[in-house]
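A closer look at the structure
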Amino acid sequence: MKLLVFVLNNEEYLEEVLEAYVEAGVTGATIIDSEGMGRFLTYEVPLFAGFKEFMKGNKPYNKTIISVIRDEVTVGRVESLMDTIVGDLDRPGTGIMFTLPVDWASGLVPEKEEV
Amino acid sequence: MGGISNRLLPECIVLDLNEESKEGVIRRLVEAVDRAHSLSDAKKLMEDILEREQLASTSLGLGCAIPHAHSLSLDETVIAAARLSPPRAFDAPDGEPISLVFLIAGPESNAGLHLRLLSKLARLLHNARFRDEIRGVGNAENFCDLICRWDE
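Let us look at the structure shown here. (Residues numbered from 1 in each chain as written. Chains lettered and ligands numbered in written order. Predicted model: local features only at pLDDT ≥ 70, side-chain atom pairs only at ≥ 80, totals over all residues. Heavy atoms only, no water.)

Here we take up the overall build of chain A. Scanning chain A from terminus to terminus reveals three helices and four strands. If you line up chain A on its principal axes, its C-alpha atoms span 55 × 30 × 20 Å. Classification of the 115 residues of chain A by burial places 34% in the buried group. Long-range contacts, defined here as pairs at least 24 residues apart, represent 83% of the contacts in chain A between residues at least 6 apart. By element, 53% of the accessible surface of chain A is carried by carbon and sulfur atoms, the whole surface being about 7000 Å². Taken as two groups, the 10 positive and 20 negative side-chain charges of chain A have centres that lie 5 Å from each other. (Helix = DSSP H or I, 4+ residues; strand = E, 2+ residues; numbered from the N terminus. Buried < 20%, exposed > 50% of the residue type's maximum accessible area, 1.4 Å probe, protein only. Contact = heavy atoms within 4.5 Å. Areas by Shrake-Rupley, 256 points an atom, 1.4 Å probe, with all protein chains shown as cover. Lys, Arg positive; Asp, Glu negative; His and termini not counted. Charge placed at Lys NZ, Arg CZ, Asp CG, Glu CD.)

Listed below in structure tokens is the structure:
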């Protein structure tokens, strides 16, 4: 079981990204409004205002999608679909995706009800 | 290790500076940097720092400020410091008169280092014990020694 975390920088892709999650077999996810460190420092802390130039291409706000995934094959399907929707995540300002091992979870959609 | 202390020479520390204006303080620090590092264009550095000041205040509050700029007049990142006596009310967000001023200047190609130094100085200056100690030192050498101790 994995926790899949995806920080999506371009919020315009959110709908397509969630459609892809469902297509890949993800039955539930939580979407959190989030903000990059660079945006916060350069726009909210006057001392760092001079560094706006260095965060060009980064969106001011982003969405963080977290999801507990039972079957690790699903993670691979999500990853490959993300590549077609948002492009190569290695491009700066696209997003960050990673997984963490989950050793216990409660409250998930029952396995037999998963799509 | 030592990012601040490596770049802050004793001759770039001005203690108990009595200047009424922010511009006057910055000018004194630029002059000190120019003497220690033989700038290619000290006037340009002064302009670059004042231009950055126009963008937003570089005061942290707590009586501290870190004016800074990227400048073509330098090929390495340097730091200078002033302790003001008496403290002066510049444009601090909390209204507290400024008594400690650190100036950071360096080439744009070193923006990452510049940002790390700025963040580290801001973190140190947020520490009340550091501020108290630095306000109490007697001379530039002791000022440098103290920075060395904290800059680990």
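Let us keep going from here.
What follows covers empty space enclosed by the protein. All names here are of chain B. Counted by the stated rule, this structure contains one cavity of 30 Å³ or more. As a volume, the largest cavity reaches approximately 50 Å³. Forming the walls of the largest cavity are Lys22, Val25, Ile26, Glu53, Thr58, Ala65, Pro67, Phe90 and Val101. With three residues, helix H1 (residues 22-37) is the single largest residue contributor to the lining of the largest cavity. Of the residues assigned to the lining of the largest cavity, the class counts are six nonpolar, one polar and two charged. (1 Å grid on protein atoms, 1.4 Å probe; cavity = no way out; pocket = protein on both sides within 12 Å on 5 of 7 lines; lining within 4 Å. Points joined across faces, edges and corners; volume = space filled by probe spheres on them. Nonpolar A, V, L, I, M, F, W, Y, C, P; charged D, E, K, R; others polar.)

Time to look at the packing of helix H4 (residues 128-136) of chain B against helix H5 (residues 140-150) of chain B. Residues and elements named next belong to chain B. Look at H4 against H5: their axes get within 10 Å of each other, and the N-to-C directions meet at 160°. The orientation of H4 with respect to H5, classified from their angle, is roughly antiparallel. For the element pair H4 and H5, the recorded crossing hand is right-handed. Of H5, the residues touching H4 (which contributes Arg129, Phe130, Glu133 and Ile134) are Phe143, Leu146, Ile147, Arg149 and Trp150. Along the lines of polarity and charge, the residues of the contact of H4 with H5 split into six nonpolar, no polar and three charged. (Axes fitted to C-alpha atoms, helices over the stretch in contact; angles between N-to-C directions. Parallel < 35°, antiparallel > 145°, perpendicular 65-115°, else oblique. Left-handed = near helix turned anticlockwise from the far one by under 90°.)

This brings us to the packing of aromatic side chains. Under the criterion given, the structure shown has two aromatic pairs over all chains. Judged by centre distance (6.0 Å) and plane angle (40°), the rings of Phe102(B) and Phe143(B) are tilted. In this pair, Phe102(B) sits in strand S6 (residues 98-106) while Phe143(B) sits in helix H5, placing the two residues 41 residues apart along the sequence. For the pair shown, Phe102(B) and Phe143(B) are each scored as buried. With centroids separated by 5.3 Å and ring planes inclined at 70°, the aromatic side chains of Phe130(B) and Trp150(B) adopt a geometry described as edge-to-face. Of the two residues, Phe130(B) sits in helix H4 while Trp150(B) sits in helix H5, which places them 20 residues apart along the sequence. Each member of the pair Phe130(B) and Trp150(B) is classed as buried. Lys52(A) extends its terminal NZ or CZ atom over the ring of Tyr43(A), reaching a point 4.8 Å from the ring centre. (Phe/Tyr/Trp six-rings, centres within 6.5 Å; stacked < 30°, edge-to-face > 60°. Lys NZ or Arg CZ within 6 Å of the ring centre and 35° of its normal.)

Space inside the second largest pocket adds up to approximately 360 Å³. Gly50(A), Asp48(B), Glu51(B), Arg52(B) and His70(B) are the residues nearest the centre of the second largest pocket, which is lined by 15 residues in total. Of all elements in the fold, only helix H2 (42-55) and strand S4 (68-70) of chain B reach the threshold of two or more residues within the lining of the second largest pocket. It is H2(B) that provides the largest number of residues to the lining of the second largest pocket, a total of four residues. Partitioned by chemical class, the residues of the lining of the second largest pocket number five nonpolar, four polar and six charged.

All right, on to the interface of chain A and chain B then. Opposite the seven residues of chain A that make contact, chain B presents 16 residues. Between chain A and chain B, a total of about 910 Å² is buried, with carbon and sulfur atoms accounting for 80% of that surface. At the boundary of chain A and chain B, one finds zero salt bridges. The tally of links between chain A and chain B comes to three residue pairs in polar contact (both at pLDDT 80 or more). In the side of chain A that touches chain B, the residues fall into six nonpolar, one polar and no charged. (Buried area = accessible area lost by both parts, 1.4 Å probe. Salt bridge = Lys/Arg side-chain N within 4 Å of Asp/Glu carboxyl O. Polar contact = N/O pair within 3.5 Å; in protein donor to acceptor, adjacent residues only side chain to side chain.)

Next up on the list: unusual backbone geometry. Residue and element names in this part refer to chain B. Cis peptide bonds are those with omega within 30 degrees of zero, and the linkage from serine 85 to proline 86 qualifies with 5°. Inspection of the secondary structure assignment puts proline 86 in strand S5 (residues 78-88). For aspartate 16, which is not glycine, the phi torsion reads 55° and is therefore positive. Relative to the elements of secondary structure, aspartate 16 occurs in strand S1 (residues 8-17). Its identity is not glycine, yet leucine 62 carries a phi of approximately 60°, on the positive side. Checked against the element boundaries, leucine 62 lands in the loop between strand S2 (59-61) and strand S3 (64-65). The exposure class assigned to leucine 62 is partly exposed, which follows from its relative accessible area of 27%.

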